[in-house]
Amino acid sequence: MEAGSGDAASSAAAAKVPHILTVAGSNSRAGAGIQADHKACAARGVYCSTVIAAVTAQNTVGVQGVDNVSEEFVAEQLESVLSDMRVDMVKARMLPSPGIVRILRNSLNKFPVQALVVDPVMVSTSGDVLAGLSVLAVFRYVQDQMLRIGIV
């Protein structure tokens, strides 16, 4: 073994790339949502996993349609990523139903992370409603619970 080669390995391990899981909608014009999160993570050298909670049909004029992913499939995506990969932080964006917010809470109880950023998307830039007010109320409740268990 070469002198100092162990130091290089420990330096690489110490410089672990942060891992963010973004739970959001897919924006077909790539101006927001999962696509924008990927761009932001890449620009900062951060690894980004995704869970897609909704798919939009939209362009620069507005949102022509939103198709929410089933709660069961969102749960399956979360289980797949969180059970297999060491996620440092979860960024919660477009969660279109109270049930999906609860699923995220349950997943984070089962697979804790260092941080949770709750940045709900309720309305698109063009003014189209993407999630109802009931989602915001559930977000507030879940955020309070996460603060109690130490996820901020």
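The structure under discussion appears in the preceding block.
Not measured: the values here are computed from a predicted model.

Draft legend 1. Molecular detail of the overall build of the chain. Per the secondary structure count, the chain includes five helices and five strands. Shown N-terminal to C-terminal, the secondary structure of the chain runs as helices and strands in the order α-β-α-β-β-α-β-α-β-α. Per-residue burial over the chain gives 41% buried out of 152 residues. Of the contacts made within the chain by residues no fewer than 6 positions apart, 72% connect residues no fewer than 24 positions apart. Put simply, the chain shows about 8,200 Å² of open surface, and 55% of that area lies on carbon and sulfur atoms.

Draft legend 2. Structural detail: the side chain of Ser 26. Considering the arrangement of structural elements, one finds Ser 26 in strand 1 (residues 19-27). Within polar-contact distance, the side chain of Ser 26 engages the side chain of Gln 35 at 2.9 Å. Ser 26 has contacts with Ile 34, Gln 35, Ile 52, Ala 54, Val 55 and Thr 56, leaving out every residue within four places of it along the chain.

Draft legend 3. Spotlight on the side chain of Gln 58. Tracing the chain through its elements places Gln 58 in strand 2 (residues 47-58). A polar contact of 2.8 Å, which involves the side chain of Gln 58, links it to the side chain of Thr 56. Residues contacting Gln 58, with those up to four places away along its chain left out, are Asn 27, Ser 28, Arg 29, Val 63 and Gln 64.

How each quantity is defined
Residues numbered from 1 in each chain as written. Predicted model: local features only at pLDDT ≥ 70, side-chain atom pairs only at ≥ 80, totals over all residues. Heavy atoms only, no water. Helix = DSSP H or I, 4+ residues; strand = E, 2+ residues; numbered from the N terminus. Buried < 20%, exposed > 50% of the residue type's maximum accessible area, 1.4 Å probe, protein only. Contact = heavy atoms within 4.5 Å. Areas by Shrake-Rupley, 256 points an atom, 1.4 Å probe, with all protein chains shown as cover. Polar contact = N/O pair within 3.5 Å; in protein donor to acceptor, adjacent residues only side chain to side chain.

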